[in-house]
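# Structural description and commentary
This is what each chain is made of:
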Amino acid sequence: MELNICHLYPEVLNLYGDRGNIRCLEQRLAWRGIDCHVTMLKIGDQADLTKFDLFFVGGGQDFEQEVLLADLGSGKGGEIRAAIEDGKTFLAICGGYQMLGHYYETHEGVKCEYLGAVDFYTKGADVRMIDNYCFTLGQESGGSVVVGFENHSGKTWLGPDVQPLGRIIRGNGNNGEDGTEGCRYRNVFGTYSHGPVLPKNPQFADELLRTALIRKYGKADLAPLDDTVELSAHDAVYRRLMNRFEADERD
Ligand code: GLN
């Protein structure tokens, strides 16, 4: 078994060490004896996107998000849409997540027309949503609790037929108003969680690998791993977050 991973736009969409998510996926596959090849696809690079099983797109600042538009328009956008419809697995974070929707309009009124691969749009607000946060994944994404870090001014609004990736426990998520976080569409996992999010959320990491393996091989033989260290990091962040929010609520 092997998975081919495509890291899209690593030179512009890679805030807060988002790339660590790929390292995490590689390692969790290696521990199970599953091969993995990672290809970085930068602006201007051409590749046959049909050969990849899992795509990763990190976060970026408004300027970097604008820089991508020409490259998406040159044909890559259509290939990304086709890969999504073909059931390929995507982990898309913050600016990379926004890129999959219809558009992102900054607070200053600059509008980036994006892929419309998933039915949602994003509008910048005057206040940034910056903090650690946590949410519960929907049952179709495994149902575990994810701890993460968000930093965005964009408020994302999902269309009626798009499931959120999860429901907010503490923090803002998509817009700070409707309790939703991220999107789950086919095998697209969109989230505001920077990070890297996967090392401290091993169940979420395995959910991504599971969908990619099932899509490719019809089954996913993911032997259990000893996640004692990963889960203690997860639990420590979760406890700290809950204690702080409870203290804030008491004040
Ligand atoms: N520029 C976008 C926003 O602020 C995305 C930011 C990010 O990827 N961290 O909403």
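Residues numbered from 1 in each chain as written. Predicted model: local features only at pLDDT ≥ 70, side-chain atom pairs only at ≥ 80, totals over all residues. Heavy atoms only, no water.

### Overview of the site of the ligand
Taken together, 16 residues are adjacent to the ligand, and G60, D62, Q65, C94 and G154 come closest. With respect to the ligand, the side chain of Q65 contributes an N or O atom lying 2.7 Å from a nitrogen atom. A distance of 3.0 Å separates an oxygen atom of the ligand from a polar atom in the backbone of S153. Contact with the protein chains removes 98% of the 300 Å² of surface that the ligand exposes when unbound. Looking at the shell around the ligand, the elements with two or more residues in it are helix 2 (62–67), helix 4 (95–98) and strand 8 (145–158). Considering every element that reaches the shell around the ligand, the biggest residue donor is strand 8, with 4 residues. For the shell around the ligand, the class distribution of residues is 3 nonpolar, 11 polar and 2 charged. (Near = heavy atom within 4 Å. Polar contact = N/O pair within 3.5 Å; in protein donor to acceptor, adjacent residues only side chain to side chain. Areas by Shrake-Rupley, 256 points an atom, 1.4 Å probe, with all protein chains shown as cover. Helix = DSSP H or I, 4+ residues; strand = E, 2+ residues; numbered from the N terminus. Nonpolar A, V, L, I, M, F, W, Y, C, P; charged D, E, K, R; others polar.)

### Here's the deal with unusual backbone geometry
Residue Y9 is not a glycine yet carries a positive backbone phi of 55 degrees. Counting through the fold element by element, Y9 comes out in the loop between strand 1 (2–8) and helix 1 (20–30). Taking relative accessible area as the criterion, Y9 reaches 0% and is therefore assigned buried. (Buried < 20%, exposed > 50% of the residue type's maximum accessible area, 1.4 Å probe, protein only.)

### Thoughts on the sheet that holds strand 3 (residues 54–57)
Overall, mixed pairing links the 6 strands, which are arranged 2-1-3-4-12-11 in an open sheet. For this open sheet the edge positions go to strand 2 (35–41) and strand 11 (183–185), each flanked by a neighbour on one side alone. Adjacent strand axes in the sheet meet at a mean angle of 15 degrees, parallel and antiparallel pairs treated alike. By the bridge criterion, 7 bridges tie strand 1 to strand 2 in an arrangement that is parallel. Within strand 2, the residue paired with E2 across the bridge is D35. In the packing of helix 5 (residues 202–217) onto the sheet, contacts are made with strand 1, strand 3, strand 4 (89–93), strand 11 and strand 12 (188–191), and the angle to strand 1 comes to roughly 115 degrees. (Pairing = 2+ DSSP bridges. Axes fitted to C-alpha atoms, helices over the stretch in contact; angles between N-to-C directions. Contact = heavy atoms within 4.5 Å.)

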